[in-house]
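# Commentary on secondary and tertiary structure
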Amino acid sequence: MTRADLDKKPAEVAAMFDALAGRYDLMNDVLSMGQVRLWRRRVQRILQVGPGDLVLDLAAGTGTSSLAFAASGANVVACDFSLGMLQAGHARLLKSDPLQAKTRGQVAFAAGDALRLPFSGGAFDAVTISFGLRNVHGTRDALAEMRRVTRPGGRLVVCEFSEITIAPLDMLYRRYLTGVLPAIARRAARNPEAYEYLSESIADWPSQRELADVIRAAGWSSVRWRDLSLGVVAVHVAKNL
């Protein structure tokens, strides 16, 4: 199945992520060589949420990032279109912290489509999406929908794979995406075809500046970004003014 096929069939994309749910976090660690944990911690610091804040963690997967935000005292809605991911995350939370005594804020899991979020306008103080915007068929529309559910003055944080700013290194990185990453997935993953899709979606994603332009076009203001790991990942920040 090609990426184009998946773009035409959102239900198949959801099914793909359902199949990945059990080993998703482990495979992220393996394929990023542990860097994903550092990237998520940086997002947590950039988001700057605390007690009294209500956060929408979109494309939350198993809720790994949601738990980190809740540890800061914020109440978090972990939203994803993959029921398998949400069920895996909820089961893990019930097993490790059934009363959520280890987190200062609360975490709720909710199924939702980024293009038609099941929340009222202005409901959230902040919206964040990490490594999920690539998988939405309609980036600008999804960003506009995120703005709809964010209160005036609220914040957007997008963490996504991007473009290395040093050309020779970026060329080596592209070779890793198209050759090495799928090879590792074929050995370690139960659904290697999904990781071929993921590597293609990363390679096709716009640069930092291009994504910033899309975020502005969706109505967000004060858009800026910072590169992590030389631009392997970029974190874009904006406000709803």
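Provided above is the structure to which this section pertains.
## Side note on the overall build of the protein chain
- On a plain count of helices and strands, the protein chain comes out with ten helices and seven strands.
- Going through the 241 residues of the protein chain one by one, you find that 52% of them count as buried.
- Counting every atom, the protein chain has about 11200 Å² of accessible surface; 55% of that belongs to carbon and sulfur.

## Observations regarding the environment of Glu145
- Locating Glu145 in the fold gives a position in helix α7 (residues 139-148).
- Setting aside its immediate chain neighbours within four residues, Glu145 contacts Ala114, Leu115, Arg116 and Leu117.
- For Glu145, the side chain forms a polar contact with the side chain of Arg148, separated by 3.0 Å.

## Some remarks on the pattern of salt bridges
- In total, this model carries six salt bridges according to the counting rule given.
- Note that Glu160 is salt-bridged to Arg134, the shortest N-O span being 2.5 Å. On the criterion of sequence distance, the pair formed by Glu160 in strand β5 (residues 150-161) and Arg134 in the loop between β4 (124-130) and α7 is long-range, its members being 26 residues apart.
- The exposure class assigned to Glu160 is buried, which follows from its relative accessible area of 1%.

## A short note on helix α6 (residues 83-96)
- The first and last C-alpha atoms of α6 sit 20 Å apart over 14 residues, in line with the 20 Å expected at 1.5 Å per residue.
- Taken together, the buried positions of α6 are Gly84, Met85, Leu86, Gly89 and Leu93.

## Describing a nonpolar patch on the surface
- A grouping of Ile166, Leu169, Leu172 and Leu230 is seen on the molecular surface, where their side chains present a nonpolar patch of about 340 Å² in accessible area.
- Position of Leu172 relative to the elements: it lies in helix α8 (residues 167-188).
- For Leu172, a relative accessible area of 49% corresponds to the partly exposed category.

## Some words on unusual backbone geometry
- The phi torsion at Ser229 lies on the positive side, around 50 degrees, for a residue other than glycine.
- Tracing the backbone shows Ser229 in the loop between β6 (221-228) and β7 (233-239).
- One non-glycine residue, Leu230, lies in the positive phi region at around 65 degrees.
- Counting through the fold element by element, Leu230 comes out in the loop between β6 and β7.

## Focus: the environment of Tyr197
- Along the polypeptide, Tyr197 turns up in helix α9 (residues 192-203).
- For Tyr197, a relative accessible area of 2% translates into the label buried.
- A sequence separation of 15 residues divides Tyr197 from Pro182, and the C-alpha atoms of the two residues are 9.1 Å apart.

## Things to note about the nonpolar core
- Counting 30 residues, the largest nonpolar core has Trp39, Phe161, Tyr173, Val233 and Val235 as its most contacted members.
- Look past the residues within four positions of Trp39 in its chain and what remains in contact with it is Ser32, Phe131, Phe161, Leu228, Ser229, Val232 and Val233.
- Core analysis: the next-biggest nonpolar cluster, separate from the first, contains 27 residues, Leu117, Phe119, Leu211 and Ala218 among them.

Cut-offs used in this document
Residues numbered from 1 in each chain as written. Predicted model: local features only at pLDDT ≥ 70, side-chain atom pairs only at ≥ 80, totals over all residues. Heavy atoms only, no water. Helix = DSSP H or I, 4+ residues; strand = E, 2+ residues; numbered from the N terminus. Buried < 20%, exposed > 50% of the residue type's maximum accessible area, 1.4 Å probe, protein only. Areas by Shrake-Rupley, 256 points an atom, 1.4 Å probe, with all protein chains shown as cover. Contact = heavy atoms within 4.5 Å. Polar contact = N/O pair within 3.5 Å; in protein donor to acceptor, adjacent residues only side chain to side chain. Salt bridge = Lys/Arg side-chain N within 4 Å of Asp/Glu carboxyl O. Expected span 1.5 Å × (residues − 1). Patch = residues over 30% accessible without salt bridge, like charges linked within 9 Å, V, L, I, M, F, W, Y side chains within 5 Å. Core = buried A, V, L, I, M, F, W, Y, C linked by side-chain atoms within 4.5 Å.

Functional significance is not addressed by these values, which are geometric in nature.
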